[in-house]
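Residue-level structure breakdown
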Amino acid sequence: MAFDLLTQLGGDEPMAAVFSQQRAVTDWLLVEAELGRALATAGVIDHAAGERIAQACRLDVIDLPRLWAESANVGYPIFPLVRMICEALEDRDAAFVHYGATTQDIMDCALALQVRDAASRLLELVGSVGDGLAQLVEAHSGTVMAGRTHAQQAVPTTFGAKMAVFLSEMTRHRARLVRAREAVSVVSLFGAGGTSAALGETAGAVRTDLAARLGLADTEQSWHVARDRIGELTQSAALAAASCVRLGREVVDLSRTEVGEIAEADGMYRGASSTMPQKANPISSELAVGFGVMAETNAQAVLRAIEAGHERAAGEWQVEWQAVPATLNAAAGALRAAATIANGLRVFPERMAANLELDGGRLMAEAYMIALAAALGRDKAHELVYGAVRDSRSEGSSLRDAVRAKVGDVTWSTIADTLPEPAAYVGSARRICDAALTEWRA
């Protein structure tokens, strides 16, 4: 396997284990073992034979180098896997190994077990991100800062309200992943063409029992080429990863030297440069961006796998073999990085307060316009404040002084007390924070 530096530096080990070689082979063997027991329960073979088949489905029965060599020739791993299981049995039992199943049934059942566990891991990571964000929302619901649109100061907001938007995203990601986990946790046992013809009248009983043994949901419909469930999970994961990218970029922007309103967790040599001793690079944010972009990119490939035709894919299924693990591993990496950000973020309210005055108080232009609108009407008030903004920029004066010059002393004396300070012009910031916290904690 090629060395993957991104995963080496920030990958999620529990997710990597879900998609390891050992886990894949172990799950294929598990499905074959439980299929033997399900055949016995349905009366296709006797219980002793079913148990002997199950006992032969062991990892030590499989010669891994041989498995992969023969798989490369066949194109799929289950044919050589079954041969090795059969070699460990007497002919009378070997005759019923893999009975009524097709390669994709075994691999899709194993995939269902893997992606179910992958979804559970993503939910753990979303929980860690959300809990960290919730602490920030609660602690900083009243910490006033400049809200920014188009990368420029716009109107005041609070840091808590900013984080509340991220928290609400995590609440929705959690709900989507719960739904997707349920959707993908489904059995597959429909045989060569999706009709279960080989198992005849016992097909439903064998499939239902296999599902119960594996802890999967039963279904009456083959999903050999119906890959929307897999797509739902990978798209849900990619959406969560995309939010991590957004969080990472927000931290990068707000921790710029010229802004300096927040910073990632501190630590000796954390984010250090090999040549610039002053640097403390936002390394978790960079990992969130890197992993998130890869999750989004690989999730698009999974959508192409949904295009499979007829009753069995001819190449589209192979896309999943790489794209599904890649998407979920990358999403886990993004969420892991985002959890590190959220749970270690340093916030600098004094710098936020200082930055409110960077543009001569012009981020209060809307507030001044609204205050003047009661007397002048919104349109005239907008034009007056717009002119005052231009004057204040050209003269280097504060917006307050420029507005006073525009309206004159008499009018100014009637409106001066109605012009709010930034802390009084954050609208529903506290309600936004409370709502996000309530939704998350529900």
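Residues numbered from 1 in each chain as written. Predicted model: local features only at pLDDT ≥ 70, side-chain atom pairs only at ≥ 80, totals over all residues. Heavy atoms only, no water.

Details of the overall build of the protein chain
Regarding its fold elements, the protein chain presents 18 helices and 4 strands. In terms of C-alpha radius of gyration, the protein chain reaches 30 Å, well past the compact-globule figure of 22 Å for 442 residues. Reported as C-alpha extents along the three principal axes, the dimensions of the protein chain are approximately 105 × 50 × 35 Å. When the 442 residues of the protein chain are sorted by exposure, 49% land in the buried category. Partitioning the contacts of the protein chain with sequence separation of at least 6, the portion at a separation of at least 24 is 76%. If the 41 positive side-chain charges of the protein chain are averaged to one point and the 55 negative ones to another, these points end up 5 Å apart. (Helix = DSSP H or I, 4+ residues; strand = E, 2+ residues; numbered from the N terminus. Rg over C-alpha atoms; globule rule 2.2 N^0.38 Å. Buried < 20%, exposed > 50% of the residue type's maximum accessible area, 1.4 Å probe, protein only. Contact = heavy atoms within 4.5 Å. Lys, Arg positive; Asp, Glu negative; His and termini not counted. Charge placed at Lys NZ, Arg CZ, Asp CG, Glu CD.)

Re the side chain of E261
You can see E261 is positioned in the loop between α11 (228-254) and β3 (262-263). A relative accessible area of 0% means that E261 is categorised as buried. Excluding its chain neighbours within four sequence positions, the residues that come into contact with E261 are M145, R148, L254, R346, V347, F348, R351, M352 and N355.

Topic: the UniProt feature "domain: Adenylosuccinate lyase C-terminal" (unreviewed entry) in the protein chain
Using the residue numbers shown here, the UniProt feature "domain: Adenylosuccinate lyase C-terminal" (unreviewed entry) corresponds to residues 360-437. Here residues 360-437 runs as 72% helix and 0% strand, with 34 Å between its end C-alpha atoms. (UniProt positions renumbered as here; feature names shortened; annotations may be inferred.)

Observations regarding the nonpolar core
Judged by nonpolar contacts, the single largest core of 91 residues is most densely connected at V115, L122, L133, F159, L328, L335 and V403. L29, L89, I106 and V206 belong to the second largest nonpolar core, which has 46 residues in total. (Core = buried A, V, L, I, M, F, W, Y, C linked by side-chain atoms within 4.5 Å.)

Looking at the side chain of Q114
Structurally, the position occupied by Q114 is in helix α8 (residues 103-139). Given the relative accessible area of 9%, Q114 is considered buried. Only 3.0 Å separates the side chain of Q114 from the backbone oxygen of V18, close enough to count as a polar contact. Apart from the residues lying within four places of it in its own chain, the contact partners of Q114 are V18, F19, R23, A24 and D27. (Polar contact = N/O pair within 3.5 Å; in protein donor to acceptor, adjacent residues only side chain to side chain.)

What about the packing of α8 against α11?
Between α8 and α11, whose axes approach to 11 Å, the crossing angle comes to 25°. Regarding the angle of α8 to α11, the classification is roughly parallel. As for the relative orientation of α8 and α11, their crossing is left-handed in sense. Packed against α8, whose contacting residues are L111, V115, A119 and L122, the element α11 presents I230, L233 and A237 at the interface. Considered class by class, the residues forming the contact of α8 with α11 number 7 nonpolar, no polar and no charged. (Axes fitted to C-alpha atoms, helices over the stretch in contact; angles between N-to-C directions. Parallel < 35°, antiparallel > 145°, perpendicular 65-115°, else oblique. Left-handed = near helix turned anticlockwise from the far one by under 90°. Nonpolar A, V, L, I, M, F, W, Y, C, P; charged D, E, K, R; others polar.)

Side note on the packing of aromatic side chains
Evaluation of the coordinates by the stated rule reveals 5 aromatic pairs. Measuring from ring centre to ring centre gives 6.2 Å for W28 and W68, while their planes differ by 70°; the resulting arrangement is edge-to-face. Here the residue W28 occupies a position in helix α3 (residues 21-41), and W68 occupies one in helix α5 (residues 64-74), the gap between them amounting to 40 residues. Here W68 falls in the partly exposed class, since its relative accessible area comes to 34%. Residues F96 and Y99 carry aromatic rings whose centres are separated by 5.0 Å and whose planes lie at 50° to one another, so their mutual orientation is tilted. On the accessibility criterion, Y99 (31% relative accessible area) is partly exposed. Here a set of aromatic residues connected by ring pairs shows up, and it is made of Y76, W317 and W321. When the ring centre of W440 is taken as reference, the NZ or CZ atom of R174 above it lies at 3.8 Å. (Phe/Tyr/Trp six-rings, centres within 6.5 Å; stacked < 30°, edge-to-face > 60°. Lys NZ or Arg CZ within 6 Å of the ring centre and 35° of its normal.)

Digging into the pairing of strand β2 (residues 152-158)
Bridge analysis of strand β1 (residues 144-149) against β2 gives 5 bridges, and the strand direction is antiparallel. Bridge pairing links R148 to Q153 in β2. (Pairing = 2+ DSSP bridges.)

Overview of the pattern of salt bridges
Under the definition given, this model contains 29 salt bridges. R66 serves as the salt-bridge partner of E87, at 2.8 Å between the closest nitrogen and oxygen. With E87 in helix α6 (residues 78-87) and R66 in helix α5, this residue pair connects regions lying 21 residues apart in the sequence. Between R227 and D108 there is a salt bridge, and its shortest N-O distance comes to 2.8 Å. Residue R227 is located in the loop between α10 (203-214) and α11, and its partner D108 is located in helix α8; the two are separated by 119 residues in the primary sequence. (Salt bridge = Lys/Arg side-chain N within 4 Å of Asp/Glu carboxyl O.)

A closer look at the environment of R37
Within the secondary structure layout, R37 lies in helix α3. Taking C-alpha positions, R37 is 29 Å from R121, a pair spaced 84 residues apart along the chain. Once residues lying within four places of it in the same chain are set aside, the contact partners of R37 are G50, E51, A54, Q55, D209 and R213. Among the polar contacts made by the side chain of R37, one reaches the side chain of E51 at a distance of 2.9 Å.

Looking at a nonpolar patch on the surface
A surface patch of nonpolar side chains, amounting to about 370 Å² of accessible area, comprises F3, L5 and L9. The residue L9 is located in helix α1 (residues 5-10) in this model. For L9, a relative accessible area of 61% corresponds to the exposed category. (Patch = residues over 30% accessible without salt bridge, like charges linked within 9 Å, V, L, I, M, F, W, Y side chains within 5 Å. Areas by Shrake-Rupley, 256 points an atom, 1.4 Å probe, with all protein chains shown as cover.)

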